[in-house]
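Single-letter residue listing:
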Amino acid sequence: DFDAAFIFNDVIMKKVADVLKDDFYIAPVCTDNMIVSPVGLWKGTDKIAELHAIIRELTVKKEEDRTMLPEQLMMYSRELGEVSVEKKKKGQIAV
């Protein structure tokens, strides 16, 4: 069990990307829960705003004994083999 620390494990990240056959978004909800979703599911108008809303809703519904992480969306690139923080685009709803 790697908990949220799996994002620091290159082998696991590559395996996740291989299974999904896509780059993927990672959103930490707390120290032991992450949302992982293929980038391809969130292409199109307002789709990324929908993902941000889901992240916001999940982080609000936290358990009191959990350590919360910042509402932050990251993306793993299969081509680069690395994680980057997704920057807010102009006109995008802030997370």
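Structure's up top.
Residues numbered from 1 in each chain as written. Predicted model: local features only at pLDDT ≥ 70, side-chain atom pairs only at ≥ 80, totals over all residues. Heavy atoms only, no water.

1. A closer look at the overall build of the protein chain
In step 1: Helix and strand content of the protein chain: 2 helices and 4 strands.
In step 2: What you see in the protein chain, going N to C, is helices and strands ordered as α-β-β-α-β-β.
In step 3: Considering the protein chain as a whole, with its 95 residues, one finds that 31% of them fall into the buried category.
In step 4: Contacts spanning at least 24 positions in sequence make up 51% of the contacts within the protein chain whose residues lie at least 6 apart. (Helix = DSSP H or I, 4+ residues; strand = E, 2+ residues; numbered from the N terminus. Buried < 20%, exposed > 50% of the residue type's maximum accessible area, 1.4 Å probe, protein only. Contact = heavy atoms within 4.5 Å.)

2. A word on the environment of Phe24
In step 1: Residue position: Phe24 is located in strand S1 (residues 24-30).
In step 2: Note on Phe24: relative accessible area 0%, which makes it buried.
In step 3: As for Phe24 and Val39, which are separated by 15 residues in sequence, their C-alpha atoms are 4.8 Å apart.
In step 4: What Phe24 contacts, discounting residues up to four positions off in sequence, is Met13, Val16, Ala17, Val36, Ser37, Pro38, Val39, Met74, Met75 and Tyr76.

3. Observations regarding a nonpolar patch on the surface
In step 1: A grouping of Val19, Leu20 and Val36 is seen on the molecular surface, where their side chains present a nonpolar patch of about 240 Å² in accessible area.
In step 2: Summarising the element assignment, Val36 is placed in strand S2 (residues 33-38). (Patch = residues over 30% accessible without salt bridge, like charges linked within 9 Å, V, L, I, M, F, W, Y side chains within 5 Å. Areas by Shrake-Rupley, 256 points an atom, 1.4 Å probe, with all protein chains shown as cover. Salt bridge = Lys/Arg side-chain N within 4 Å of Asp/Glu carboxyl O.)

4. Remarks on the pattern of salt bridges
In step 1: Summed over the entire model, instances satisfying the criterion amount to 1 salt bridge.
In step 2: With a closest N to O distance of 3.0 Å, Lys14 and Asp18 form a salt bridge. With Lys14 and Asp18 both in helix H1 (residues 10-20) and 4 residues apart, the pair spans about one turn of that helix.
In step 3: A relative accessible area of 47% means that Lys14 is categorised as partly exposed.

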